[in-house]
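# A closer look at the structure
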Amino acid sequence: METNRDEGVIKFQYTLKMAPAPEKTEYIKLEKWRALFYKLNMIGEYPIEKVGFGNLSSRIGSDNFIITGTQTGHLAHLEAHHYTVVTDCNLKKGSVEARGMIPPSSESLTHHAIYEASNTIKYVFHIHHPQMWKHMIENEFDSIAENIPYGTQAMATAALEVLDGKTYGAFVMKGHEDGIISYGKTAEEAGKILLDIYRETCSRN
Ligand SMILES: [Zn+2]
């Protein structure tokens, strides 16, 4: 068991079982959207802290999900070995089990919380964008309150409330600076919502 910092905010623990990299068919849709988000600076790396941000996942079967590996934000394109499969999450302990060649994103617990909230959700995209984040707060988009630490049981409960039976949408994480999450039954649903908000934001500035 090793520990990792989550953007300097909380700690999470993971166990990584070494396994072959995922098949391309398992991550190709994530990679397509990721390349676009990278170009739009929704995925990247904070230059001073050298901390990566933005992570995408999709459900595999009923209990697992594939997610981008930790500290890959600076890469324009990912390869198979940069993706990893999360096989178990424990929100109470803050622990994650994964199999692959790279530790899972430190925000895996947040993704897990969304999948827990609805069985029909198959994709969860987490991006960072300061202007979109402000725009969503100012315009009262769905949000998770500032005092809720992400990747916790409280966050899972809050996600359940914010989703409120919706199968696709986006919300802003007020307590996680620049942080936005979208979700959907398909990658297109989850992706297009973010592009719409991006356009809305840019047309106002
Ligand atoms: Zn984040």
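To continue, consider the overall build of the protein. Counting its secondary structure elements, the protein contains five helices and twelve strands. In terms of C-alpha radius of gyration, the protein reaches 15 Å, essentially the compact-globule figure of 17 Å for 205 residues. On the principal axes, the C-alpha backbone points of the protein span a range of 45 × 35 × 35 Å. In the protein, which comprises 205 residues, the proportion classed as buried is 51%. Across the protein, every contact between residues at least 6 apart in sequence was considered, and the portion connecting residues at least 24 apart equals 64%. Per element, the accessible surface of the protein, about 9,900 Å² overall, is 50% carbon and sulfur. Of the charged side chains in the protein, 21 are positive and 26 negative, and the gap between their average positions amounts to 3 Å.

Turning to helix α1 (residues 24-39), a few remarks are in order. In this model, α1 (16 residues) spans 21 Å end to end at C-alpha, consistent with the 22 Å of a helix rising 1.5 Å per residue. The largest bend in α1 comes to about 30 degrees, at L30. Of the positions making up α1, those classed as buried are Y27, L30, E31, W33, R34, A35 and F37. Looking one or two residues past α1, N41 carries a phi angle of roughly 60 degrees, positive in sign.

Burial runs high along strand β11 (residues 169-173): five of the five residues are buried. Across the two faces of β11 the burial is the same, with G169, F171 and M173 and A170 and V172 all buried. Sheet topology note: the strand β10 (residues 143-144)/β11 ladder contains two bridges and is parallel. Bridge pairing in β11 places S143 opposite V172. Note on the crossover from β10 through helix α4 (residues 153-163) to β11: the handedness is right-handed. Pairing geometry for β11 and strand β12 (residues 179-184), over four bridges, is antiparallel. Looking across to β12, one finds that F171 is bridged to I181.

Moving on, we get to the environment of L40. Structurally, L40 is set in the loop between α1 and β3 (44-46). Put simply, L40 and H129 are 89 residues apart on the chain and 9.1 Å apart in space, counted from C-alpha to C-alpha. When neighbours within four sequence positions are excluded, L40 is seen to be in contact with H129, L195 and Y198.

Burial analysis of strand β6 (residues 64-68) places five of its five residues in the buried class, which makes it a mostly covered element. The sheet contact formed by strand β5 (residues 55-60) and β6 spans four bridges and is antiparallel. Pairing of I60 across the sheet is with N64, part of β6. Between β5 and the antiparallel strand that follows it, β6, lie three residues; G61 among them carries a positive phi value of about 65 degrees. As defined by bridge partners, β6 adjoins strand β7 (residues 83-90) across four bridges and the pair is classed as antiparallel. Pairing of T68 across the sheet is with Y83, part of β7.

Parameters at a glance
- Residues numbered from 1 in each chain as written.
- Predicted model: local features only at pLDDT ≥ 70, side-chain atom pairs only at ≥ 80, totals over all residues.
- Heavy atoms only, no water.
- Helix = DSSP H or I, 4+ residues; strand = E, 2+ residues; numbered from the N terminus.
- Rg over C-alpha atoms; globule rule 2.2 N^0.38 Å.
- Buried < 20%, exposed > 50% of the residue type's maximum accessible area, 1.4 Å probe, protein only.
- Contact = heavy atoms within 4.5 Å.
- Areas by Shrake-Rupley, 256 points an atom, 1.4 Å probe, with all protein chains shown as cover.
- Lys, Arg positive; Asp, Glu negative; His and termini not counted.
- Charge placed at Lys NZ, Arg CZ, Asp CG, Glu CD.
- Expected span 1.5 Å × (residues − 1).
- Bend = angle between axes of the 7 residues up to and from the residue.
- Pairing = 2+ DSSP bridges.
- Right-handed = clockwise from strand over helix to strand, strands pointing away.

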